[in-house]
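# Structural overview for review
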Amino acid sequence: VEAFDYCVKRATIERHDFGRADLRWRGQATVLDLPFHLSYPQVFEHGGQTWMVPESYQAGEVALYRATDASLDHWQREAALLGLYTALAPEARRR
């Protein structure tokens with residue numbers, strides 16, 4: 001989820017755990033913290049991997065990140081998908 005920090009005027013991406021058995025939030029972790037605003041994370045699975053495409057307008061690109069472990073706490077940037085003027089709000093679509 002997007003976690004906006006009003007002190008620095010930008011957001012990071014957090015992972016939140018929710019227990020289905022007791023319907024309670026169990027915790028959270030910041031998983032992507034970069035020197036620019038991140039929001040609207042699109043998380044999906046493809047080819048046995050978990051991927052994320054957050055909105056990153058201030059970075060001048062829309063980038064693809066891959067989870068590097070099953071906890072989804074660690075992400076690696078894999079590629080720039082779109083430049084600044086190509087798209088402003090990404091949506092992941094499987095064709």
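A brief report on the enclosed structure follows.

Reading guide: rules and limits
Residues numbered from 1 in each chain as written. Predicted model: local features only at pLDDT ≥ 70, side-chain atom pairs only at ≥ 80, totals over all residues. Heavy atoms only, no water. Helix = DSSP H or I, 4+ residues; strand = E, 2+ residues; numbered from the N terminus. Contact = heavy atoms within 4.5 Å. Pairing = 2+ DSSP bridges. Axes fitted to C-alpha atoms, helices over the stretch in contact; angles between N-to-C directions.

## Some details on the side chain of Thr12
Within the element layout of this structure, Thr12 appears in strand S2 (residues 10-19). Contacts of Thr12, omitting those with residues within four sequence positions, involve Val1, Glu2, Ala3, Thr30, Leu32, Asp33 and Leu38.

## Focus on the sheet that holds strand S3 (residues 24-32)
Hydrogen bonds between backbone atoms are what pair the strands of a sheet, whose relative direction is either parallel or antiparallel. Here three strands make up an open sheet; going across it, the order is S1-S2-S3 and the pairing antiparallel. Among the strands making up the open sheet, the edge pair consists of strand S1 (2-5) and S3. Going from strand to strand, the sheet's axes swing by 40 degrees on average, the running direction of each strand aside. By the bridge criterion, four bridges tie S1 to S2 in an arrangement that is antiparallel. Each bridged residue has a counterpart across the sheet, and for Ala3 the counterpart in S2 is Thr12.

The values reported here are purely geometric and, on their own, carry no functional implication.
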